[in-house]
Amino acid sequence: MTAPGSIPNSDIDSNQKQLGALLGCFPLQNRGLKRWFPLILGGLLFLASTGLIITLVINACERITLHGRAIILSVFPYPAILYGGMFMAGILAVSLALIFGDDGLALYESGLALCKARREHLWVFKAINRFDSHITKVTFGGSPVNVRVAIILEEKAKRRLVINNHNANSLAITESLRDLILPELIIKSRQSLLMGNRLFFHRHLQANQHEIIIHGRPLPINSIAYRQKNQVITLYAKDKPEEIYLKLKCCQVRNLDVLIDLLNNPPEECDHSSPK
């Protein structure tokens, strides 16, 4: 975990009362560059445009004295527009740097705090009913050159959060969230099945306590096997691998880890056991 420091201490103290101990802070990638470059550029534009506008006003006053006020309409509109544009661009760059410069994510024992545009959004792990993490390795010439991460969280209140490569140490965030969210989510999913509810993974893929429903066809859970390859999951008959029931991209499946746990540990085999 990274050391704390991406959010103010006062906010950390407040969040610890609600979410437990702080586990780590993850600021934006290249935070220094993203914060200081627009701040310096905006400051330079602001100072340059201010100096040019002052010079323009002084020249305007001198020319008006010599040629009259009509000279303003024929000479000064275009420089005034250019310098005004530079001034506004400088103000905008400085404002964006100050507003988004502290963006980041902090992980706690029981939730996370997302700081965005100087506003903080809290997510409690117990309220989350969807967790999916998609990791894609980008290769060039057979060698990995980048890793793309997309973490999808949803709450019962239909709030949705997508965490991607904008934060530093995206892989560490993914592993931490898996450890903090998945065990509880799997337990809640099993309890929901025992209460007679359905789990929805895709419009063509649902499950109840004893069956997987694929394209409306109920099949015993313990009769289905799966394989994952190249970000695709394939469901097939356990005793007849050539009989494929469904093939989907992993990113199309809701709560993929819950589905995999269900296939590996059918409820009738471990109704009251903790998920592995």
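Above this text is the structure in question.
Below, the structure is looked at part by part. (Residues numbered from 1 in each chain as written. Predicted model: local features only at pLDDT ≥ 70, side-chain atom pairs only at ≥ 80, totals over all residues. Heavy atoms only, no water.)

1. Structural notes on the sheet that holds strand β10 (residues 211-214)
Okay, so step 1: With antiparallel pairing, 4 strands are arranged side by side in an open sheet as β8-β9-β10-β11. On the outer flanks of this sheet lie β8 (199-202) and β11 (217-220), each paired with one strand and no other. Mean inter-strand twist for the sheet, computed between neighbouring axes without regard to direction, equals 25°.
Okay, so step 2: Summarising the sheet, strand β9 (residues 205-207) and β10 pair through 3 bridges and their orientation is antiparallel. Across the sheet, the residue bridging to Leu-205 is Ile-214, located in β10.
Okay, so step 3: Of the strands in this sheet, β8, β9 and β10 are in contact with helix α6 (residues 256-264), which crosses β8 at around 115°. (Pairing = 2+ DSSP bridges. Helix = DSSP H or I, 4+ residues; strand = E, 2+ residues; numbered from the N terminus. Axes fitted to C-alpha atoms, helices over the stretch in contact; angles between N-to-C directions. Contact = heavy atoms within 4.5 Å.)

2. Some words on the side chain of Asn-208
Okay, so step 1: Within the secondary structure layout, Asn-208 lies in the loop between β9 and β10.
Okay, so step 2: Within the structure, Asn-208 has its side chain in polar contact with the backbone nitrogen of His-210 (distance 3.0 Å).
Okay, so step 3: A distance of 2.7 Å separates a polar side-chain atom of Asn-208 from the backbone nitrogen of Glu-211. (Polar contact = N/O pair within 3.5 Å; in protein donor to acceptor, adjacent residues only side chain to side chain.)

3. So, the packing of aromatic side chains
Okay, so step 1: Tallied over the full model, the rule gives 1 aromatic pair.
Okay, so step 2: Look at Phe-46 and Phe-87: their rings are 5.2 Å apart centre to centre, the planes differ by 40°, and that puts the pair in the tilted class. With a gap of 41 residues between them, Phe-46 in helix α2 (residues 31-67) and Phe-87 in helix α4 (residues 77-100) connect regions that are remote in the sequence.
Okay, so step 3: Under the relative-accessibility criterion, Phe-46 is labelled partly exposed at 31%.
Okay, so step 4: Between the NZ or CZ atom of Arg-159 and the centre of the ring of Trp-123, over which it lies, the distance is 4.2 Å.
Okay, so step 5: Note that Arg-227 overlies the ring of Tyr-236, its terminal NZ or CZ placed 4.6 Å from the centroid. (Phe/Tyr/Trp six-rings, centres within 6.5 Å; stacked < 30°, edge-to-face > 60°. Buried < 20%, exposed > 50% of the residue type's maximum accessible area, 1.4 Å probe, protein only. Lys NZ or Arg CZ within 6 Å of the ring centre and 35° of its normal.)

4. Quick word on the sheet that holds strand β12 (residues 224-229)
Okay, so step 1: With respect to topology, 3 strands assemble into an open sheet ordered β12-β13-β14, the strand pairing being antiparallel. Each having just a single partner strand, β12 and β14 (240-249) make up the two edges of the open sheet. Across the sheet, the axes of successive neighbouring strands diverge by a mean angle of 30°, strand direction being ignored.
Okay, so step 2: Note: strand β13 (residues 232-237) against β14, 6 bridges, orientation antiparallel. When the bridges of β14 are listed, Ala-237 appears paired with Lys-240.
Okay, so step 3: Here α6 sits on the sheet and contacts β12 and β13; the angle it forms with β12, its principal contact strand, is near 135°.

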